[in-house]
Amino acid sequence: MSRRRVNIALGAIVALGVVLRVLAWRYEPPHHPDEFFQYLEPAWGRLTGAGIETWEWRNGIRSWVLPGYHGAWMAILMRLGVHDGSTIAKLLQAHWALLSMSLVWAGWRGGLLLARQLGPNRDAAVNSGDESGDEPAPAGWQGGLVGALLCAAFPLLVRFSIHTLSEQASILCMVCALVLTADLASTAGRVGRGKAVFMGVLLGLGICLRIQHVPVPLVAVLWLLLSRRFALAAVACAASLLPMLAFGLVDRLTWGGFFASFIHYVKFNLVEGGASIFGTMPWTWYWRQFLHRLPTGLPILGFLCLVGIRATWPFVASALGLTILLSTQAHKEERFVMLFWPLVLIAAAAVAGAWLGLRVTAVGIEGAQLGHRRLRTWLVRCVILAGLAVILVDGARHGRDNDFPELFPARFEAQVWVGRQADVTGLLYDSPLYTGGYMWFSRSFPQLKVRSTLLGNPLFSHVLVQRKSEWKREAERAGFTEVFSKDEIVVLRRTAEPVSESALRQ
């Protein structure tokens, strides 16, 4: 295979990844309230003066780095004339979908490097190009293409790519850093200080964004040490301190103490177990969730990872270490462990690619025996390709439900509609937790959870509730009329004089 043909195939995979992410950006529903209230709404509130402040921001257990990053983009977009909050939120989601394409590079590079270790040729290229004299493809290219394809098209990764959560940002840092580690561990006799610096910065940034991802940096440093890259390990560790110091300085400026939010976060979640108030799950929950998402494909992934464990162990150890660590915590959510998937996908891709790259040489082999070996090689390739198809199809079949089914898109569309009404003076809605906050309204007007005592208050001109709810019927009795509907969500506007609470009760 020539390098040109491999590049064409890789380009097609990149295009596929972009198309799938565009579809996710267009149709994927919100995943978790935190993607708005922890990472968008705080920045929007500081820029516009109106925003919902959750308890984490009153108790100082969140860093301002990621909201500040989003706020910088918001400020730039506002200067360019974009002031609609929902439009800005959608552009930020598109921005993260674009950044998530770095996983395709990680799949390509990681799959190639690991497959090269598993294959018969560990040098830079295999045999030759083609008759046109094109440059030959690099060794391990089969693993690289498989890794790129899985990271580009695996449904859970595609769906998760658009969400503005700290897990997403940390995953991109951690996976790319581990692939850079693979590169450094295989650069025998070559200097890679620049890559080591980049790797260290990514590891430090990833761990600051999500402390629970700490198994990846530990494995990465261990990998370099076992590969006798002591100087590079020292450089990476030193470079990782740079983002950590930056986070500490931001905490000093915003919360009054170095690493204040980090200390409070660890104390609340890991020491005091405060996250348990949001629900607890048994220690096997993550493993059952993996099987739920990939009931047929997960055994295939596990088999491939274990078969090539001598090369895949850093990715497998990182994935297992992450899952074991998170399983010790009572409160569990699927987004916490999403890093598991790109790690095992890249590891499995390397083994699949190494098998796809097996060739039968005719030297010293008789005709009949050569035919049997070629048939066996062909069958192995068919089985591998079928297994990869099963992984993607199985992931698509079981990858649709969310942690919060209450976050249906119709509610957000209703929010946008209300915010664009010139006569709105106040809003009552049934589920503040399952909205996008002030950002999706784009305007500052009073917003409160609907109550009978407030329906008679003339300040509140609109009500946003579910169609089949008692609140809709009560709002209609209070003088509100339906003016907007989308699926199961309706908006009602006051069209009559306010009705007193005593009259409502009658």
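### Points about the environment of glutamate 41
Then comes step 1: The topology assignment puts glutamate 41 in helix α3 (residues 41–48).
Then comes step 2: Sequence separation between glutamate 41 and glycine 387 is 346 residues; the distance between their C-alpha atoms is 43 Å.
Then comes step 3: Setting aside anything within four residues of it in sequence, one finds glutamate 41 in contact with Phe36, Gly51, Ile52, Gly436, Gly437, Tyr438 and Met439.
Then comes step 4: Side-chain polar atoms of glutamate 41 contact the backbone nitrogen of isoleucine 52, separated by 2.9 Å.

### Focus: the packing of helix α12 (residues 215–226) against helix α13 (residues 230–255)
Then comes step 1: For the pair α12 and α13, the least separation of the axes is 7 Å and the interaxial angle reads 155 degrees. Judged by the inter-axis angle, α12 sits roughly antiparallel to α13. Here α12 and α13 pass one another in a crossing that is left-handed. The segment α12 lies against α13, with Val221, Leu224 and Leu225 engaging Phe230, Leu232, Ala233 and Cys237.
Then comes step 2: Residue composition of the contact of α12 with α13, by class: seven nonpolar, no polar and no charged.

### Focus: the pattern of salt bridges
Then comes step 1: Evaluation of the coordinates by the stated rule reveals 20 salt bridges.
Then comes step 2: The shortest N-O distance in the salt bridge between arginine 159 and glutamate 28 comes to 3.0 Å. On the criterion of sequence distance, the pair formed by arginine 159 in helix α9 (residues 155–160) and glutamate 28 in the loop between α1 (3–27) and α2 (34–37) is long-range, its members being 131 residues apart.
Then comes step 3: Among the residues examined, glutamate 28 registers a relative accessible area of 10% and is labelled buried.
Then comes step 4: Measuring nitrogen to oxygen at the nearest pair gives 3.1 Å for the salt bridge that ties aspartate 183 to arginine 109.

### Re the packing of helix α7 (residues 102–118) against helix α18 (residues 340–356)
Each pair of packed helices can be summarised by the angle the axes make with each other and by the distance between the axes.
Then comes step 1: Look at α7 against α18: their axes get within 8 Å of each other, and the N-to-C directions meet at 50 degrees. One finds that α7 runs oblique with respect to α18. Two packed elements cross with a definite hand, and for α7 against α18 that hand is right-handed. Contacts between α7 and α18 involve Ala106, Gly107, Gly110, Gly111, Leu114, Ala115 and Leu118 from the first element and Ile346, Ala347, Ala350, Val351 and Ala354 from the second.

### Some words on the side chain of aspartate 251
Then comes step 1: Within the secondary structure, aspartate 251 is located in helix α13.
Then comes step 2: For the buried aspartate 251, which has no salt bridge, the nearest side chain bearing the opposite charge is arginine 252, at an N-O separation of 11 Å.
Then comes step 3: Within the local environment of aspartate 251, its side chain forms a polar contact with the side chain of serine 261, the two groups lying 2.7 Å apart.
Then comes step 4: When sequence neighbours within four positions are dropped, the list of residues in contact with aspartate 251 reads Ser63, Gly256, Gly257, Phe258, Phe259, Ala260, Ser261 and Phe262.

### A look at the environment of glycine 302
Then comes step 1: Turning to its location among the elements, glycine 302 is positioned in helix α16 (residues 297–307).
Then comes step 2: Residue class for glycine 302 comes out partly exposed when judged on its relative accessible area of 30%.
Then comes step 3: Separated by 43 residues in the primary sequence, glycine 302 and leucine 345 place their C-alpha atoms 9.6 Å from one another.

### What to know about α18
Then comes step 1: Taking 1.5 Å as the rise per residue, α18 with 17 residues should run 24 Å; its terminal C-alpha atoms sit 24 Å apart, in good agreement.
Then comes step 2: Counting buried positions along α18 gives 16 out of 17 residues, so the element sits mostly inside the fold.

### Looking at the packing of aromatic side chains
Here the distance between the centres and the angle between the planes together describe a pair of aromatic rings.
Then comes step 1: Applying the stated criterion to the full structure yields 21 aromatic pairs.
Then comes step 2: Both rings, one in phenylalanine 36 and one in phenylalanine 412, keep their centres 5.2 Å apart while their planes meet at 40 degrees; by these two values the pair is tilted. Of this pair, phenylalanine 36 sits in helix α2 while phenylalanine 412 is found in helix α20 (residues 409–419), placing the two residues 376 residues apart along the sequence. Of the two residues examined, phenylalanine 36 and phenylalanine 412, each falls in the buried class.
Then comes step 3: Seen in terms of ring centroids, tryptophan 55 and phenylalanine 278 are 6.0 Å apart; in terms of plane orientation they differ by 20 degrees. Their pairing is stacked. Highlighted residues: tryptophan 55 in helix α4 (residues 55–59) and phenylalanine 278 in the loop between α14 (260–271) and α15 (285–293), separated in sequence by 223 residues.
Then comes step 4: Exposure remark for tryptophan 55: the relative accessible area of 24% places this residue in the partly exposed category.
Then comes step 5: Three or more aromatic residues joined by ring pairs make a cluster, and in this case those are Phe154, Trp287, Phe290, Phe340 and Trp341.

The rules behind these values
- Residues numbered from 1 in each chain as written.
- Predicted model: local features only at pLDDT ≥ 70, side-chain atom pairs only at ≥ 80, totals over all residues.
- Heavy atoms only, no water.
- Helix = DSSP H or I, 4+ residues; strand = E, 2+ residues; numbered from the N terminus.
- Contact = heavy atoms within 4.5 Å.
- Polar contact = N/O pair within 3.5 Å; in protein donor to acceptor, adjacent residues only side chain to side chain.
- Axes fitted to C-alpha atoms, helices over the stretch in contact; angles between N-to-C directions.
- Parallel < 35°, antiparallel > 145°, perpendicular 65-115°, else oblique.
- Left-handed = near helix turned anticlockwise from the far one by under 90°.
- Nonpolar A, V, L, I, M, F, W, Y, C, P; charged D, E, K, R; others polar.
- Salt bridge = Lys/Arg side-chain N within 4 Å of Asp/Glu carboxyl O.
- Buried < 20%, exposed > 50% of the residue type's maximum accessible area, 1.4 Å probe, protein only.
- Lys, Arg positive; Asp, Glu negative; His and termini not counted.
- Expected span 1.5 Å × (residues − 1).
- Phe/Tyr/Trp six-rings, centres within 6.5 Å; stacked < 30°, edge-to-face > 60°.

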